[in-house]
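Read off the chains here:
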Number of protein chains: 2
Amino acid sequence: MNSIVILGAGNVAFHLTRALIENTLNVRQIFNRTLEKAREIGEANRISYTDKISEIEKADLYIIACADSGIEEFSHYIPFDDVLVVHTSGSSPMSVLKGDYRKGVLYPLQTFSKERTLRYDNIPFFLEAEDPNDLKRLNDLANRISNEVHQLDFAGRMQVHMTGVWANNFVNHLYYIAGDICEKNNLPFDVLLPLIQETANKVIEMSPKDAQTGPAKRGDQVIINRHLEALEDDSRLLQIYQILTDSIKRVYEK
Amino acid sequence: MNSIVILGAGNVAFHLTRALIENTLNVRQIFNRTLEKAREIGEANRISYTDKISEIEKADLYIIACADSGIEEFSHYIPFDDVLVVHTSGSSPMSVLKGDYRKGVLYPLQTFSKERTLRYDNIPFFLEAEDPNDLKRLNDLANRISNEVHQLDFAGRMQVHMTGVWANNFVNHLYYIAGDICEKNNLPFDVLLPLIQETANKVIEMSPKDAQTGPAKRGDQVIINRHLEALEDDSRLLQIYQILTDSIKRVYEK
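Computed from a prediction, not measured in an experiment: that's the story for all the values here. (Residues numbered from 1 in each chain as written. Chains lettered and ligands numbered in written order. Predicted model: local features only at pLDDT ≥ 70, side-chain atom pairs only at ≥ 80, totals over all residues. Heavy atoms only, no water.)

A short note on the overall build of chain A
What counts, and what does not: In this description a helix means any DSSP run of H or I spanning at least four residues, a strand means any run of E spanning at least two, and both kinds are numbered starting from the N terminus. Throughout this description, buried means an accessible area under 20% of the type-specific maximum (1.4 Å probe, protein chains only), exposed means over 50%, and partly exposed covers the range between. Counted charges follow a simple rule, with Lys and Arg positive, Asp and Glu negative, and His plus the chain ends left uncounted. Every charge is mapped to an atom, namely NZ of Lys, CZ of Arg, CG of Asp or CD of Glu.
Per the secondary structure count, chain A includes 10 helices and 8 strands. Its C-alpha atoms put chain A at 65 × 40 × 30 Å along the principal axes. For chain A, the residues scored as buried account for 59% of the 254 residues in total. For chain A, the distance from the average site of its 28 positive side-chain charges to the average site of its 36 negative ones is 2 Å.

Okay, here's the thing in structure tokens:
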């Protein structure tokens with residue numbers, strides 16, 4: 001791709017712009033409806049930025065990196081036909097892009113926050129394109145950034161996105177719940193960090209099935225009942241505890 | 001403590017023995033009903049081992065490191081009165097120890113697997129003892145191993161143990177579910193590792209509340225519905241997805 005324009009200035013745009021530029025890809029411009037956020041990414045990466053639709057430059061590739069709910073609107077801003085336009089969403093079909101240009105998807109599986117420095121070379125990318133030549137072009141581009149590039153249709157991509165919900169969104173929420181219990185017992189969240197780190201590190205070497213420990217795996221109903229009793233006053237936690245415990249039991253009863 | 005005997009040869013015994021010896025504490029013997037497992041830990045740490053109750057040596061401290069369901073039985077094996085006996089369980093009261101000796105608890109918050117090398121200095125220890133002098137002795141011992149030593153009664157310890165269930169047992173089960181979805185889509189579990197690692201690393205620097213991303217946090221019902229639809233055939237996953245999504249929503253609607 002000779003030239004790239006990024007549309008959107010959220011967390012994905014922030015990291016993707018940096019990853020592309022670090023790998024000497026020609027990101028020419030960043031567009032966002034809030035100028036300040038475009039300026040932040042533009043200045044950090046020494047590329048031009050704009051909040052005016054009329055100023056969006058001609059390029060070979062447009063990457064729409066915004067929330068799912070904004071992709072369709074952004075897709076109307078590109079006034080060129082002989083270009084490739086992709087979005088970066090795991091759970092939106094390619095058809096959400098409305099225009100006469102060529103369409104594709106460039107979906108990275110990772111949780112992006114601006115505060116975090118990330119390694120890009122192991123982030124899995126999942127690609128889709130209408131045109132086989134575009135798929136090849138996207139493949140070349142993604143391989144410049146990462147060693148984990150896969151081709152995947154919408155149904156598969158949505159499944160992969162859902163793994164992100166399980167392994168990140170839901171996991172992080174369990175950290176939140178555990179932290180809340182610590183706080184109520186006057187313990188800092190930090191006492192959980194060695195356990196959280198070890199839990200994540202274990203599955204580098206062991207499968208989650210082998211790494212599982214705890215009362216649910218052992219079927220230790222005495223301990224489970226003590227925990228359920230301790231949660232008596234919180235019907236929401238009680239319900240989550242029960243359903244996850246049952247789900248673990250089912251794996252090890254097999 | 002001048003001398004220590006370990007009873008039990010599971011994952012906690014394996015790691016605790018090593019941690020004690022690495023910190024030049026005098027572990028004299030390991031007892032286990034299956035000799036082979038006692039021998040494994042005994043030989044690795046160059047200490048004597050036995051499977052005979054009659055051969056359990058006199059020591060200052062006995063650490064019963066076995067599954068909760070075995071603590072009471074093990075507690076009958078110690079035929080001395082003027083000694084301190086502790087168990088290592090988060091969810092069993094001190095009173096499960098049956099004997100005329102002095103009683104206590106030495107509970108480490110971590111997930112232990114023999115295959116893993118662990119850092120011990122940041123593992124939180126939670127202590128309890130009937131006798132204030134014993135509490136001081138346990139505190140001295142735990143501080144030799146770790147920088148995170150707390151005194152905590154049974155009610156508090158059970159809450160802490162429960163945080164381990166949330167932050168480790170349940171989290172690991174979510175990895176399992178995510179891995180299962182990958183497998184069904186012919187992707188190796190390894191594509192999840194960068195996301196899993198980043199999720200765990202994020203909360204070193206940000207609170208889980210700030211680290212949260214995803215459709216539930218954004219309240220993006222379109223994406224949530226797509227995921228629910230994709231899970232239609234699995235009522236168990238559907239139910240877990242729904243309940244965790246609702247729980248996240250509740251945090252961010254506040």
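What to know about the sheet that holds strand S3 (residues 48-50) of chain A
Residue and element names in this part refer to chain A. The condition that has to hold: Two strands pair if DSSP finds at least two bridges between them. Interaxial angles span 0 to 180 degrees and are taken between N-to-C directions of axes, which are lines fitted to C-alpha atoms, for helices over the stretch in contact. A contact between two residues is defined here by any heavy atoms of the two lying within 4.5 Å.
Taken in spatial order, the 8 strands of this open sheet run S3-S2-S1-S4-S5-S6-S7-S8, and their pairing is mixed. Bordering the open sheet on either side are S3 and strand S8 (149-151), each of which pairs with just one other strand. Strand-to-strand twist across the sheet, computed as the mean angle between neighbouring axes with direction ignored, equals 25°. Sheet strands touched by helix H3 (residues 68-75): strand S1 (4-7), strand S2 (27-31), strand S4 (61-64) and strand S5 (84-87). Its angle to S4, the strand with the most contacts, is close to 145°.

Observations regarding the interface of chain B and chain A
Short version of the rule: Two parts lose some accessible area (1.4 Å probe) when they are put together, and adding that loss for both gives the buried area. Here a salt bridge means any side-chain nitrogen of Lys or Arg lying within 4 Å of a carboxyl oxygen belonging to Asp or Glu. Pairs of N or O atoms are called polar contacts if they sit within 3.5 Å, as long as, within protein, a hydrogen donor faces a hydrogen acceptor (for residues adjacent in sequence, only side-chain-to-side-chain pairs). For this classification, Asp, Glu, Lys and Arg are treated as charged, while Ala, Val, Leu, Ile, Met, Phe, Trp, Tyr, Cys and Pro are nonpolar and the rest, including Gly, are polar.
Every contact between the two is made by 88 residues of chain B and, on the other side, 88 residues of chain A. Among the residues chain B hides against chain A, the three largest losses belong to Arg116, Trp166 and Leu195 of chain B. Together they make up 9% of the total. Taking the shortest distance from any N to any O, the salt bridge between Glu205 of chain B and Arg116 of chain A comes out at 3.2 Å. For the pair chain B and chain A, the interface holds 36 residue pairs in polar contact (both at pLDDT 80 or more). Of all the secondary structure elements, the ones that give two or more residues to the side of chain B that touches chain A are helix H5 (154-184), helix H6 (193-205), helix H7 (208-211), helix H8 (215-218), helix H9 (221-230) and helix H10 (235-253) of chain B. For the side of chain B that touches chain A, the leading source of residues is H5 of chain B, giving 25 residues. Its residues assigned to classes, the side of chain B that touches chain A shows 47 nonpolar, 27 polar and 14 charged.

Things to note about the relation of the copies chain B and chain A
Selection rule: In this comparison the copies share one frame, found by least squares on the C-alpha atoms of residues holding pLDDT of at least 70 in both.
For the pair chain B and chain A, the relating rotation is 180°, the translation along its axis is 0.0 Å, and the fit reaches an RMSD of 0.0 Å. The transformation relating the two chain copies, once decomposed into turn and shift, fits a two-fold axis. Scanning chain B for the C-alpha nearest the rotation axis identifies Val171 of chain B, at a separation of 2.7 Å. Taken together, the interface assignments show that 100% of the residues at the interface of chain B recur at the interface of chain A, consistent with an identical surface on both copies.

A few points about the UniProt feature "domain: DUF2520" (unreviewed entry) in chain A
Formally: UniProt positions are given in the numbering used here, feature names are shortened, and annotations may be inferred rather than shown by experiment.
Under the feature "domain: DUF2520" (unreviewed entry), the UniProt entry names residues 123-247 of chain A. End C-alpha atoms of residues 123-247 of chain A are separated by 29 Å, and the span's content is 71% helix alongside 6% strand.

So, H3 of chain A
To keep it simple, the criterion reads: Directions from the helix axis toward the C-beta atoms define the arc.
All of the buried residues along H3 of chain A are Asp68, Gly70, Ile71, Phe74 and Ser75 of chain A. For H3 of chain A, the angular spread of the buried residues around the axis is 140°, confining them to a single face.

What to know about the pairing of S5 of chain A
Just so we agree on the cut-off: Call a crossover right-handed when, viewed with both strands pointing away from you, the route from the first strand across the helix to the second goes clockwise.
Alternating positions in S5 of chain A separate into two faces, Leu84 and Val86 of chain A on one and Val85 and His87 of chain A on the other, with burial throughout. After leaving S4 of chain A, the chain enters H3 of chain A and then returns to the sheet as S5 of chain A, a path that is right-handed.

Things to note about the nonpolar core
This is how the line gets drawn: We call a set of buried Ala, Val, Leu, Ile, Met, Phe, Trp, Tyr and Cys residues a nonpolar core when their side-chain atoms join them within 4.5 Å.
Residues Trp166 of chain A together with Trp166 of chain B are the most contacted members of the largest nonpolar core, which totals 84 residues. Excluding anything up to four places from it in sequence, Trp166 of chain A contacts Val171 of chain A together with Leu174, Ile177, Ala178, Ile181, Leu231, Leu237, Ile240 and Tyr241 of chain B.

Thoughts on unusual backbone geometry
Its identity as a non-glycine residue notwithstanding, Thr24 of chain A has a phi of 55°, on the positive side. Among the structural elements, Thr24 of chain A can be located in the loop between helix H1 (11-22) and S2. With a relative accessible area of 64%, Thr24 of chain A lands in the exposed category. Here the phi dihedral of Asn186 of chain B falls at roughly 60°; this positive angle occurs in a residue that is not glycine. Within the secondary structure, Asn186 of chain B is located in the loop between H5 and H6.

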